[in-house]
Amino acid sequence: MARKTILITGSSRGIGRSIALLFASRGYHVFLNSHSSLEALEQVREEIERQGAGVCTLTPGDVGDPGDVARIFQKIKETCGHLDILVNNAGIAHIGLLTDLDNPQWDRIIRTNLSSVFYCCRAAVPGMVARKQGAIINISSMWGTSGASCEVAYSASKAGVHGLTRALAKELAPSSIPVNAIACGVIDTEMNHQLDEEERAALEEDIPMGRFGTPDEIAQIVWDVATAPSYLTGQIIGADGGYL
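Residues numbered from 1 in each chain as written. Predicted model: local features only at pLDDT ≥ 70, side-chain atom pairs only at ≥ 80, totals over all residues. Heavy atoms only, no water.

Examining the overall build of the chain
Moving on, step 1. When helices and strands are tallied, the chain shows 8 helices and 7 strands.
Moving on, step 2. Here the C-alpha radius of gyration of the chain, 17 Å, is about what a compact globule of 244 residues would show, namely 18 Å.
Moving on, step 3. With the C-alpha coordinates of the chain rotated into their principal frame, the extents come out at 50 × 40 × 35 Å.
Moving on, step 4. Per-residue burial for the chain yields a buried fraction of 48% across its 244 residues.
Moving on, step 5. When contacts within the chain are restricted to residue pairs at least 6 apart in sequence, those whose partners lie at least 24 apart make up 75%. (Helix = DSSP H or I, 4+ residues; strand = E, 2+ residues; numbered from the N terminus. Rg over C-alpha atoms; globule rule 2.2 N^0.38 Å. Buried < 20%, exposed > 50% of the residue type's maximum accessible area, 1.4 Å probe, protein only. Contact = heavy atoms within 4.5 Å.)

Things to note about empty space enclosed by the protein
Moving on, step 1. All chains considered together, the criterion is met by 1 cavity of 30 Å³ or more.
Moving on, step 2. Considering only enclosed or pocket space, the largest cavity measures out at about 40 Å³ in volume.
Moving on, step 3. Every residue lining the largest cavity is listed: His-94, Gly-96, Leu-97, Leu-98, Leu-101, Ile-109, Cys-150, Glu-151, Val-152 and Ala-153.
Moving on, step 4. Taken together, the residues of the lining of the largest cavity sort by class into 7 nonpolar, 2 polar and 1 charged. (1 Å grid on protein atoms, 1.4 Å probe; cavity = no way out; pocket = protein on both sides within 12 Å on 5 of 7 lines; lining within 4 Å. Points joined across faces, edges and corners; volume = space filled by probe spheres on them. Nonpolar A, V, L, I, M, F, W, Y, C, P; charged D, E, K, R; others polar.)

So, the layout of surface pockets
Moving on, step 1. Taken as a whole, the largest pocket holds about 1300 Å³ of empty space.
Moving on, step 2. Lining of the largest pocket is provided by 48 residues; of these, Gly-91, Ile-92, Ala-93, Tyr-154 and Met-191 occupy positions nearest its centre.
Moving on, step 3. Elements with a contribution of two residues or more to the lining of the largest pocket: α1 (14-25), α4 (103-131), β5 (135-141), α6 (152-172) and α7 (197-206).
Moving on, step 4. Partitioned by chemical class, the residues of the lining of the largest pocket number 19 nonpolar, 21 polar and 8 charged.
Moving on, step 5. The computed volume of the second largest pocket comes to approximately 240 Å³.
Moving on, step 6. Phe-73, Gly-81, His-82, Ala-123 and Gly-127 are the residues nearest the centre of the second largest pocket, which is lined by 13 residues in total.
Moving on, step 7. Of all the elements in the fold, those that place two or more residues in the lining of the second largest pocket are α3 (66-79) and α4.
Moving on, step 8. Take the lining of the second largest pocket: its biggest share by element is 6 residues, from α4.
Moving on, step 9. When the residues that make up the lining of the second largest pocket are grouped by side-chain class, the tally is 7 nonpolar, 4 polar and 2 charged.

Describing a nonpolar patch on the surface
Moving on, step 1. Residues Leu-98, Trp-106 and Val-152 make up a contiguous nonpolar surface patch of roughly 270 Å² in combined accessible area.
Moving on, step 2. Here Val-152 lies in helix α6.
Moving on, step 3. Among the residues examined, Val-152 registers a relative accessible area of 37% and is labelled partly exposed. (Patch = residues over 30% accessible without salt bridge, like charges linked within 9 Å, V, L, I, M, F, W, Y side chains within 5 Å. Areas by Shrake-Rupley, 256 points an atom, 1.4 Å probe, with all protein chains shown as cover. Salt bridge = Lys/Arg side-chain N within 4 Å of Asp/Glu carboxyl O.)

This is how it looks when you write it as structure tokens:
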């Protein structure tokens, strides 16, 4: 029986790394992706190989670049022939006033956080539709639902992910391919390491659960969504400790 396959964009650290390790531990062939953190990506591969349960293949590249995405999916086709699960996890943030955000910064955030989802979905969908099998999970943010002050570009990109998720879910429902998004709250990843102790404590006070979430918790939610019945589709699933 062929192994199931999963591509996780931005899987060199944080949430992506945790998703990769979890699915590999359950026997998946994991395609690891990162644009610039190639040394960290190699470390994830070594961790997976030490587990001994799954298999992994490195597919480095910029998923905000359609040419790189085409090359990544060609590698998947050559290696396994098909993709069972796509997890669009690659993302970057920027904190600052709208008036201080320059054009290249805006373009980079939209390209990385939203265009990458479009490019990867466009590449994955034909094969999934042909097999009438597969699942797409987009890692998003609660700020895509409510918006965050001083994070206009990030919030806009994640709101776009929410809209793409809902629309594509309707498009793919006749083929029984679920498309869902996880709207993460404040997760203890490198993206939030810029906070000092006082800022972190203040933010934790605002979270009803009183703490940041962990990458492993998000990975478990991704597993639960990936293995749920296909009737679960078009949902923006909040994982924010009760914040919203």
